[in-house]
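Chains, contacts and geometry: an overview
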Amino acid sequence: MTNTMIAALLREREAYVRRGQDDRVRQVDEQLAHHGYEPEQVDDSEGPQGRTSTDGQQQTADATPGKRGRPKLPRDDQGNIVRE
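Conventions and cut-offs
- Residues numbered from 1 in each chain as written.
- Predicted model: local features only at pLDDT ≥ 70, side-chain atom pairs only at ≥ 80, totals over all residues.
- Heavy atoms only, no water.
- pLDDT = per-residue confidence, 0-100.
- Helix = DSSP H or I, 4+ residues; strand = E, 2+ residues; numbered from the N terminus.
- Core = buried A, V, L, I, M, F, W, Y, C linked by side-chain atoms within 4.5 Å.
- Buried < 20%, exposed > 50% of the residue type's maximum accessible area, 1.4 Å probe, protein only.
- Contact = heavy atoms within 4.5 Å.
- Salt bridge = Lys/Arg side-chain N within 4 Å of Asp/Glu carboxyl O.

1. Quick look at the confidence of the model for the protein chain
Per-residue confidence for the protein chain gives a mean pLDDT of 78, with 67% of residues at or over 70. Here strand β2 (residues 58-59) stands out as the least confident element of the protein chain, with mean pLDDT 52; helix α2 (residues 22-34) is the most confident, with 93.

Put into structure tokens, the structure is as follows:
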């Protein structure tokens, strides 16, 4: 059961990290320590790792910020979608 609990806490922690909820991350870290989880040490000496394109230039996930998902639809003053 402890492995299941640790896996669930790690998923919960990742969600808080993505949302920037540092206080909740600390609380989950306390619970992880309580269940005996020790995080792996990451070697950051080489810097962040990004994807490399075919021409050797490095690309990152945020190369085109704000261009994710469906485009915004036009709306009227009340916030209703305007169909043309």
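From this point, the discussion proceeds with the structure in view.
2. Things to note about the nonpolar core
Ile-6, Leu-9, Tyr-16, Val-25, Val-28 and Leu-32 form the largest nonpolar core, which has six residues in total. Counting only elements with at least two residues in this core, the list comes to α1 (2-19) and α2. Setting aside residues no more than four positions away along its own chain, Leu-9 makes contact with Val-28, Gln-31, Leu-32 and His-35.

3. Points about the pattern of salt bridges
Under the defined criterion, the tally for this structure stands at two salt bridges. The salt bridge partner of Asp-29 is Arg-13, with a shortest N-O separation of 2.5 Å. Remark: Arg-13 occurs in helix α1 and Asp-29 occurs in helix α2; sequence separation between them is 16 residues. By relative accessible area, Asp-29 is classed as partly exposed at 30%. The exposure class of Arg-13 is partly exposed, given its relative accessible area of 27%. Note that Glu-14 and Arg-18 form a salt bridge whose closest N and O atoms lie 3.7 Å from each other. Taken together, the positions of Glu-14 and Arg-18, both in helix α1 and four residues apart, correspond to about one turn of that helix. Owing to a relative accessible area of 63%, Arg-18 belongs among the exposed residues under this scheme.

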